Amino acid sequence: MNSLNLIQKLSENQSLSLEEYKFLIDDMNDESIAFAQSLGVEKRKEIYSNSVFIRGLIEISNICKNDCFYCGIRCSNRLADRYRLTKEDILSCCEKGYSLGFRTFVMQGGEDPHFTDEVVCDIVSSIKAKYPDVAVTLSLGERSFESYKKLYESGADRYLLRHETADSEHYSKLHPENLTLENRLECLSNLRKIGFQVGCGFMVGSPYQTSLHIAKDLKFIESFKPDMCGIGPFIPHKDTPFRDFPSGSAKLTCFLLSLVRLIHPPVLLPATTALGTSESQGREKGILAGANVVMPNLSPENTRAKYELYNNKLSTGAESANGLSSLKRTLSAIGYEITVGRGDVKK
Ligand code: SAM
């Protein structure tokens, strides 16, 4: 096997075997990274030209009933300073975001029992009534089919639910027993059935992850063909059981962004905050590897630091919605341009 031949084959067929993906990961080197990047960027340009889509991220609550071992807002972390935004807070984030040019709002949060279907549907329908030209993305974790259906009927367009890892044994090393890969995948399938544009994804370098696990993630992405895919490095949080594990590699994250672009060329691929946090100019490197979405933070200034999934999470400067003009400058310096609009996936 030869990595360059495999990358060429992937670009032509959008598919490789599990062993071939594993080989590509184990053999990652400067030449294979550059080749995957050039083919990935070419594919993205054919579909999206040099446009980068922006999403205004609103972190609506850091209260969570789950206890994922990697996450700083897990329910067992007694040191987390908890908060929850009100409907008015969220609408004022949207007002600010709309005037800055955002046409997608992403409401993300822990699995906070306060956000019942009734509460979320009321917020979504109010946003859509006020701003009919925006898309609303939700990222509120696992819910029932009926619940997702109500959210969709209230006007939500997209749903982000990372699968976290496509290997059930690895899944059980990252989560307590009550959370299973089977249920996570069932949720993703339900979201798709209902009509959402659906996003999956995983952390790079999460504890106990092997190259075979990542190969399985790529195989899953190949079959699921997500509309969006969130891939960012794992970064430890000091008040979690994974505090002593190292951060995931930004280089491998960028290589995987290029491969995912080749696997499913129309995918909306964010250069994540975790990538921006893990390395200087991480976000630009993500865009140059094949990503085409950035998600600046629109949350109120006084809650941003509290949504601490991992330590040193970026939330200021070009990472914040206020820094939009500096983001425009940085992107234009590398040949890209922010597009105002909903930025739906091209089918
Ligand atoms: N509760 C929702 C869910 O489970 O999908 C949305 C919020 S959850 C905090 C969003 C994502 O953050 C997770 O899917 C996970 O991949 C990522 N995340 C959590 N802890 C992280 C860490 N320590 N490093 C990097 N990413 C992390």
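Reading the values: the criteria
Residues numbered from 1 in each chain as written. Predicted model: local features only at pLDDT ≥ 70, side-chain atom pairs only at ≥ 80, totals over all residues. Heavy atoms only, no water. Helix = DSSP H or I, 4+ residues; strand = E, 2+ residues; numbered from the N terminus. Rg over C-alpha atoms; globule rule 2.2 N^0.38 Å. Buried < 20%, exposed > 50% of the residue type's maximum accessible area, 1.4 Å probe, protein only. Contact = heavy atoms within 4.5 Å. Axes fitted to C-alpha atoms, helices over the stretch in contact; angles between N-to-C directions. Parallel < 35°, antiparallel > 145°, perpendicular 65-115°, else oblique. Left-handed = near helix turned anticlockwise from the far one by under 90°. Nonpolar A, V, L, I, M, F, W, Y, C, P; charged D, E, K, R; others polar. Pairing = 2+ DSSP bridges. Right-handed = clockwise from strand over helix to strand, strands pointing away. Polar contact = N/O pair within 3.5 Å; in protein donor to acceptor, adjacent residues only side chain to side chain. Phe/Tyr/Trp six-rings, centres within 6.5 Å; stacked < 30°, edge-to-face > 60°. Lys NZ or Arg CZ within 6 Å of the ring centre and 35° of its normal.

1. Quick look at the overall build of the protein chain
Assigned secondary structure in the protein chain consists of 14 helices and nine strands. A globule of 347 residues ought to have a C-alpha radius of gyration of about 20 Å, and the protein chain, at 19 Å, matches this closely. Looking at the protein chain residue by residue over its 347 residues, the buried ones come to 60%. Excluding contacts between residues fewer than 6 apart, the proportion of contacts in the protein chain whose partners are at least 24 apart in sequence is 74%.

2. Observations concerning the packing of helix H1 (residues 3-13) against helix H3 (residues 30-48)
Following both chains from N to C, one finds H1 and H3 inclined at 15°, their axes separated by 9 Å at the closest point. As summarised for this structure, H1 and H3 are arranged roughly parallel, according to the angle between their axes. Judged by the sense of rotation from one axis to the other, the crossing of H1 with H3 is right-handed. Between H1 and H3, the contacting residues are Ser-3, Leu-4, Ile-7, Gln-8 and Ser-11 on the first element and Glu-31, Ser-32, Phe-35, Ala-36, Leu-39 and Lys-43 on the second. Among the residues forming the contact of H1 with H3, the class breakdown is five nonpolar, four polar and two charged.

3. Some words on the sheet that holds strand E1 (residues 51-54)
Overall, parallel pairing links the three strands, which are arranged E8-E1-E9 in an open sheet. The sheet is open, and its two borders are formed by strand E8 (293-294) and strand E9 (337-339), each paired with just one other strand. Sheet topology note: the E1/E9 ladder contains three bridges and is parallel. Directly across from Ser-51, in E9, lies its bridge partner Glu-337.

4. Observations concerning the pairing of strand E3 (residues 104-109)
In terms of burial, E3 is a largely internal element, six of the six residues being buried. Going residue by residue along E3, you find Thr-104, Val-106 and Gln-108 tucked away on one face and Phe-105, Met-107 and Gly-109 tucked away on the opposite face as well. By the bridge criterion, five bridges tie strand E2 (residues 56-61) to E3 in an arrangement that is parallel. Across the sheet, Ile-58 pairs through a bridge with Met-107, a residue of E3. Between E2 and its parallel partner E3, the chain crosses via helix H4 (residues 87-100), and the hand of that crossover is right-handed. Two elements, E3 and strand E4 (residues 135-139), share five bridges in a ladder whose sense is parallel. Its bridge partner being in E4, Met-107 is matched across the sheet by Leu-138. Handedness of the E3-helix H5 (residues 117-130)-E4 crossover: right-handed.

5. Comments concerning the side chain of Asn-62
Residue position: Asn-62 is located in the loop between E2 and H4. Reaching out from Asn-62, the side chain makes a polar contact with the backbone oxygen of Lys-306 at a distance of 2.9 Å.

6. Quick word on the sheet that holds E2
Remark on secondary structure: sheet strands pair via backbone hydrogen bonds, oriented parallel or antiparallel. Ordered by their spatial adjacency, six strands build an open sheet running E2-E3-E4-E5-E6-E7, and the pairing between neighbours is parallel. Every interior strand has two partners, whereas the edge strands, E2 and strand E7 (228-233), have only one. With strand direction ignored, the average angle separating the axes of adjacent strands in the sheet is 20°. Where H5 meets the sheet, its contacts fall on E3 and E4, and the angle it forms with E4 comes to roughly 155°. Contacts from helix H8 (residues 181-194) reach strand E5 (158-160) and strand E6 (197-204) within the one sheet, and its direction differs from that of E6 by about 155°.

7. Let's talk about the packing of aromatic side chains
Considering all chains together, one arrives at 12 aromatic pairs under this definition. Taking the centre distance of 6.0 Å and the plane angle of 80° together, the rings of Phe-69 and Phe-242 count as edge-to-face. Residue Phe-69 is located in the loop between E2 and H4, and its partner Phe-242 is located in the loop between E7 and helix H10 (250-263); the two are separated by 173 residues in the primary sequence. Judged by relative accessible area, Phe-69 falls into the partly exposed class, the value being 22%. The class for Phe-242 is buried, based on a relative accessible area of 4%. Residues Phe-105 and Tyr-131 carry aromatic rings whose centres are separated by 6.3 Å and whose planes lie at 65° to one another, so their mutual orientation is edge-to-face. Pair noted here: Phe-105 is in strand E3 and Tyr-131 is in the loop between H5 and E4, with a separation of 26 residues, a long-range link. Since its relative accessible area comes to 1%, Phe-105 is described here as buried. Three or more aromatic residues link up through ring pairs in this structure, and these residues are Phe-69, Tyr-208, Phe-234, Phe-242 and Phe-245. Over the aromatic face of Tyr-98 sits the side chain of Arg-103, whose NZ or CZ is 3.5 Å from the ring centroid.

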